[in-house]
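Observations on the model geometry
Chain residues, written in single-letter form:
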Amino acid sequence: MTASPLGGVWTYALELSRALVERGVRVELATLGAPLSVAQWMEVREVPGLGLHESQDRAESLDEETWLLDLEARLSPDIVHLNDHTLGALAWRAPSLAVLHTCPLVWWEGVKGSRAPERYTRYQHEAARGLRGADCVVAPTTAMLAAAERWHGHFASARVIPHARRAECFLPDAKESFVLAAGREWDEAGNLAVLEAIAPGLPFPVRVAGELSRGSALNALGTLRPWELAAWMARAAVYAMPARYEPFGLSALEAALAGCALVLGDIPSLREVWGDAALFVHPDDAEGLARALRWLMDHPAERECRAGRARARALSFTPRRMVDAYLDAYTALSVRPHATWTAEALHAP
C-alpha cells in the first residue's frame, strides 16, 4: 500500500492498515515524499506486524516509481493498493486498486466554479492514464466518483467505499461554548475565510486547529497532534466545516464521533455522507452560517439532539465496514488461489 505522510491520506492509510492487519492480512506500507515524523513512527509501531518502507531510504540512483516497482518485485504482494491514483499506469505485476482521494480538476470546479486552466492539461493526461491503468478505482463518495468521471471518463471497474475512524479514539466530554474548525487559512477549499468574516459578530469563540495569520478574528490553536485535536473535539459544542470542496471529510467524522453538532458546507459529497445528521449552509452564505451557529449555541437541547444524530451517523462508518468492502474488492481482483483475504480473513471477527 502506498501512502503520503501528509494530510488525511496518512490517517486513512493507517486506519485501513490496522483493520487489515487485525483480519490477518499482511500489509507493507510504502511512504512517498516527505519523511515520517516521530509521531507517525509511533503510530506505525502501534500496528503489530505492519511493514514500513520509506522512499527516503531508497538508493539515490532510483526515482520513486522505480523504487516502488522494485519493492513490489521483492515483496510479491497479491494486491497493490495505491493512494496516489497517478501511479496506476506503472507496470505492476499484481492487480492494482487506486483510491481517488482528491483531484485538482474537481477541486478547481468546486472552489473556482469553472474549468481548470490549461496548465492542468498534463495532470489530466497523467491522471487519466493512472486511473485507467489501475484494475479498480475506489472513491470515498458517489459524488467524488461522479465528478472524477466527468473529467476522466467512465471507469470500467469502480467502487464507492466510505472512509472510517475508530470510535474509541473520539469520545465526547463535557461540552463548552465554542465552535471548533480545522484547516489552513490559505486553503480555499476549506473556506475558513467565511468563518473569519463572521467571527467578530459571534458571542462565542471560533477556535481553529491550524496556523493563522496574526490579527485573525479566529482563535488559532496551532498545529495539533491527532490526540490533541481529538481532545478539543471532545470539548467543542459545534464543529464547523463550511467547505467548498471536500471528497469525504474525515475531520467532520471525527468531530461527530466526539459529540459535536455539525455545520457543513452544502456540497454534494457532504450531503451524501451526512444526510439529515448535519446542518448545511451554502459556502458563500456568511449570514446563513452565522445564523446556524447562533441557533445551535442558543438552543442547547436542540444542539444535543443534532449532536446525537451526527454521532449515530458517524458510528456507522466503522473500520469493520470499510475493511469488509476492501476485502471484497481485493477478492474480486485477485487471481491467486491462496490470497490472504480468502474466507478466513473475510469472516474474521
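A few points on the structure. (Residues numbered from 1 in each chain as written. Predicted model: local features only at pLDDT ≥ 70, side-chain atom pairs only at ≥ 80, totals over all residues. Heavy atoms only, no water.)

**Focus: helix α3 (residues 64–75)**
- A rise of 1.5 Å per residue sets the reference length of α3, with its 12 residues, at 16 Å; its end C-alpha atoms lie 16 Å apart and thus fit the reference within 8%.
- Those residues of α3 not exposed but buried are Trp67, Leu68, Leu71 and Glu72. Relative to the axis of α3, the buried residues are bounded by an arc of 135° and lie together on one face.
- Structurally, the start of α3 carries an N-cap: the backbone nitrogen of Glu65 is 3.3 Å from a side-chain oxygen of Asp63.
- Where α3 ends, the next residue or the one after it, Ser76, has phi of about 50°, a positive value. (Helix = DSSP H or I, 4+ residues; strand = E, 2+ residues; numbered from the N terminus. Expected span 1.5 Å × (residues − 1). Buried < 20%, exposed > 50% of the residue type's maximum accessible area, 1.4 Å probe, protein only. Arc of directions from axis to C-beta. Polar contact = N/O pair within 3.5 Å; in protein donor to acceptor, adjacent residues only side chain to side chain.)

**Examining the pattern of salt bridges**
- Tallying each qualifying case throughout the model produces 17 salt bridges.
- Note that Arg150 and Glu109 form a salt bridge whose closest N and O atoms lie 2.8 Å from each other. Note that Arg150 is positioned in helix α6 (residues 142–152) and Glu109 in helix α4 (residues 104–112), a separation of 41 residues in sequence.
- Judged by relative accessible area, which is 27%, Glu109 ranks as partly exposed.
- With its nearest N and O atoms 2.6 Å apart, the salt bridge here joins Arg159 to Asp328. Here Arg159, found in strand β7 (residues 158–160), pairs with Asp328, found in helix α13 (residues 319–333); they are 169 residues apart in sequence, far enough to count as distant.
- For Asp328, a relative accessible area of 42% puts it in the partly exposed group.
- Residues participating in the shared-partner salt-bridge network are Glu15, Arg18, Arg165, Arg166 and Glu254. (Salt bridge = Lys/Arg side-chain N within 4 Å of Asp/Glu carboxyl O.)

**Concerning the environment of Arg165**
- Inspection of the secondary structure puts Arg165 in the loop between β7 and β8 (176–182).
- The class for Arg165 is buried, based on a relative accessible area of 12%.
- In the structure, Arg165 is positioned 153 residues away from Thr318 in sequence and 6.2 Å away in space, judged by C-alpha atoms.
- Within polar-contact distance, the side chain of Arg165 engages the side chain of Glu15 at 2.5 Å.

**Digging into the packing of aromatic side chains**
- Across all of its chains, the model carries seven aromatic pairs by this definition.
- Relative to Tyr326, the ring of Tyr12 has its centre 6.3 Å away and its plane inclined at 65°; by these criteria the two rings are edge-to-face. Here Tyr326 lies in helix α13 and Tyr12 lies in helix α1 (residues 8–22), a separation of 314 residues in the sequence. Comparing Tyr12 with Tyr326 shows no difference in burial state: the two are buried.
- Plain terms: the ring middles of Phe178 and Trp232 are 5.8 Å apart, the flat faces sit at 80° to each other, and that makes the pair edge-to-face. With a gap of 54 residues between them, Phe178 in strand β8 and Trp232 in helix α8 (residues 226–235) connect regions that are remote in the sequence.
- Above the ring of Trp108, the side-chain terminus of Lys112 is found at 5.5 Å from the ring centroid.
- The ring of Trp232 is capped by Arg235, whose NZ or CZ atom sits 4.3 Å from the centre of that ring. (Phe/Tyr/Trp six-rings, centres within 6.5 Å; stacked < 30°, edge-to-face > 60°. Lys NZ or Arg CZ within 6 Å of the ring centre and 35° of its normal.)

**A short note on unusual backbone geometry**
- The phi angle at Ser76 is positive, at roughly 50°, despite the residue not being glycine.
- Taking the relative accessible area as the measure of exposure, Ser76 reaches 44% and is therefore partly exposed.
- Although it is not a glycine, Asn191 sits at a positive phi angle of roughly 60°.

**Quick word on the sheet that holds strand β3 (residues 51–54)**
- Overall, parallel pairing links the three strands, which are arranged β1-β2-β3 in an open sheet. At either margin of the open sheet sits one strand with a lone partner, and together these are β1 (2–3) and β3.
- Summarising the sheet, strand β2 (residues 28–31) and β3 pair through four bridges and their orientation is parallel. For Thr31, the partnering residue across the bridge sits in β3 and is Glu54.
- Packing of α1 onto the sheet brings it into contact with β1 and β2, and relative to β2 it is tilted by some 170°. (Pairing = 2+ DSSP bridges. Contact = heavy atoms within 4.5 Å. Axes fitted to C-alpha atoms, helices over the stretch in contact; angles between N-to-C directions.)

**What about the sheet that holds strand β10 (residues 219–222)?**
- Strand order in the open sheet formed by six strands is β10-β9-β8-β11-β12-β13, with parallel pairing between adjacent strands. A single partner strand is all that each edge strand has here, and the edge strands are β10 and β13 (279–281). The mean angle between the axes of side-by-side strands here comes to 25°, regardless of whether they run parallel or antiparallel.
- For strand β9 (residues 206–209) and β10, the ladder comprises three bridges, and the chain directions are parallel. Note that in β10 the partner of Ala209 across the bridge is Gly222.
- Packing of helix α9 (residues 250–257) onto the sheet brings it into contact with β11 (236–241) and β12 (261–265), and relative to β11 it is tilted by some 165°.

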